[in-house]
Amino acid sequence: MSQMRLVVVGASGRMGRTLVRAIAEAPDLVLAGAVEPEGSPHLGTDAGVLAGLPPLDVTVSDDALPLFAAAEGVIDFTIPKASIAFAGLAAQARIVHVIGTTGFDAAEQAAVEAAARHATIVKSGNMSLGVNLVAALVKRVAATLDDSFDIEVLEMHHNRKIDAPSGTALLLGEAAAAGRQVALSSHGVFERHGITGARTPGEIGFATLRGGTVVGEHEVIFAGPHERISIGHRAEDRMIFARGALAAARWARGRKPGLYSMNDVLGLADI
Ligand SMILES: NC(=O)C1=CN([C@@H]2O[C@H](COP(=O)(O)OP(=O)(O)OC[C@H]3O[C@@H](n4cnc5c(N)ncnc54)[C@H](OP(=O)(O)O)[C@@H]3O)[C@@H](O)[C@H]2O)C=CC1
Ligand SMILES: O=C(O)C1=N[C@H](C(=O)O)C[C@H](O)C1
């Protein structure tokens, strides 16, 4: 099979640069384009140089559509507003769209779902194998334990992160809610401050920490009567997310339009 031609949007970001390096080290993939927003100081720069590599002869552009038209996939770790626009363009170009961006509100999520009628989209709040395995375990443990075990999701990230709770924390909360056969929208508690009253049984609580250069840490705590179970994950390098995203692109190549998750890519959907 020929090399898969991929465009990286948000190419100068923390994930964008990591993705460019991950594509450069994959013999079956080739960087076909690199995109940054209009006005970015990085426009016209070589994407390889930007990522700390020798030149790759791909200059950073703000004109996504012609690049998408000549590619088979786009890898997108940007911001929700941009990802929605890219989903429309990817649908127009009939190419694979891997979305790692987090922080979507309900209307933005609905826009991605609409685009997935024409584009093959893989979207996940965390592209790593480890976190998706942890989510499968959380679902199983939540299904096994009753409401006498309180579920709390704890996360810590670097001080540049703009959304909270993290996409991964939400993914883990959804897994816990699915295990308990409840909706996260009705059982999730995202803020506590002041005289909150005692904890309501069945709540799924979230706590967010921000600081330093932490790549991403998550812990799901099941706190029961006189015992506590804790299941967690520590990301040590952004390369785990980048390699996961590239695995998603390979998996999605040639697949029919639809909205897929990393569970589909990793074969964890039935766990
Ligand atoms: N699912 C997963 O496994 C992971 C998800 N993430 C998520 O990925 C996203 C990005 O994270 P990170 O790389 O740390 O963030 P950064 O802020 O470092 O990078 C975001 C990049 O997107 C660019 N961007 C913004 N708008 C546009 C646009 N319209 N067109 C093209 N590029 C655009 C920004 O450009 P500029 O700076 O010029 O605005 C920036 O280069 C976040 O939502 C984060 O939560 C992160 C890691 C793993
Ligand atoms: O912004 C980040 O850095 C990360 N974002 C994702 C999230 O919101 O969960 C994934 C990872 O934890 C890093």
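Keep in mind it's a predicted model, so treat the numbers as computed, not measured.

1. Here we look at the sheet that holds strand 2 (residues 29-35)
Part 1 of the argument: One open sheet accounts for 7 strands, arranged 3-2-1-4-5-6-12; its pairing is parallel. Pairing within the sheet leaves two strands with one partner each, and these edge strands are strand 3 (60-61) and strand 12 (258-260).
Part 2 of the argument: Here 4 bridges tie strand 1 (residues 4-9) to strand 4 (residues 73-76), and the two strands are oriented parallel to one another. Looking across to strand 4, one finds that V9 is bridged to D76.

2. Quick look at the UniProt feature "domain: Dihydrodipicolinate reductase C-terminal" (unreviewed entry) in the protein
Part 1 of the argument: Listed under "domain: Dihydrodipicolinate reductase C-terminal" (unreviewed entry) in the UniProt record, and renumbered for this structure, are residues 130-266.
Part 2 of the argument: Taken end to end, residues 130-266 is 38% helix and 28% strand, and its first and last C-alpha atoms sit 11 Å apart.

3. A look at the site of ligand 1
Part 1 of the argument: Every one of the 22 residues lining ligand 1 counts as a neighbour, but R14, M15, T102, M127 and K161 are closest to it.
Part 2 of the argument: Between ligand 1 and the protein, one listed contact pairs an oxygen atom with a side-chain N or O atom of E36 at 2.9 Å.
Part 3 of the argument: M127 is positioned such that a nitrogen or oxygen atom in its backbone is 2.8 Å from an oxygen atom of ligand 1.
Part 4 of the argument: Put simply, the parts of the chain that give the shell around ligand 1 at least two residues each are helix 1 (14-24) and helix 4 (80-93).

4. Looking at the sheet that holds strand 11 (residues 227-235)
Part 1 of the argument: Ordered by their spatial adjacency, 5 strands build an open sheet running 8-9-7-10-11, and the pairing between neighbours is mixed. The sheet is open, and its two borders are formed by strand 8 (188-189) and strand 11, each paired with just one other strand.
Part 2 of the argument: Pairing between strand 8 and strand 9 (residues 204-210): 2 bridges, direction parallel. Looking at strand 9, one finds that G188 is bridged to I204.
Part 3 of the argument: The strands touched by helix 6 (residues 129-144) are strand 7 (150-157), strand 10 (216-224) and strand 11; relative to strand 11, the strand with the most contacts, the crossing angle is about 165°.

5. Description of helix 9 (residues 239-252)
Part 1 of the argument: An ideal rise of 1.5 Å per residue puts 20 Å on 14 residues; helix 9 measures up with 20 Å between its terminal C-alpha atoms.
Part 2 of the argument: Burial of helix 9 is extensive: 10 of the 14 residues sit out of reach of the surface.
Part 3 of the argument: Turning to helix 9, its buried residues number three or more, namely M239, F241, A242, G244, A245, L246, A248, A249, W251 and A252.
Part 4 of the argument: A positive backbone phi angle near 80° is found at G254, which sits one or two residues after helix 9.

About the cut-offs
- Residues numbered from 1 in each chain as written.
- Chains lettered and ligands numbered in written order.
- Predicted model: local features only at pLDDT ≥ 70, side-chain atom pairs only at ≥ 80, totals over all residues.
- Heavy atoms only, no water.
- Pairing = 2+ DSSP bridges.
- Helix = DSSP H or I, 4+ residues; strand = E, 2+ residues; numbered from the N terminus.
- UniProt positions renumbered as here; feature names shortened; annotations may be inferred.
- Near = heavy atom within 4 Å.
- Polar contact = N/O pair within 3.5 Å; in protein donor to acceptor, adjacent residues only side chain to side chain.
- Contact = heavy atoms within 4.5 Å.
- Axes fitted to C-alpha atoms, helices over the stretch in contact; angles between N-to-C directions.
- Expected span 1.5 Å × (residues − 1).
- Buried < 20%, exposed > 50% of the residue type's maximum accessible area, 1.4 Å probe, protein only.

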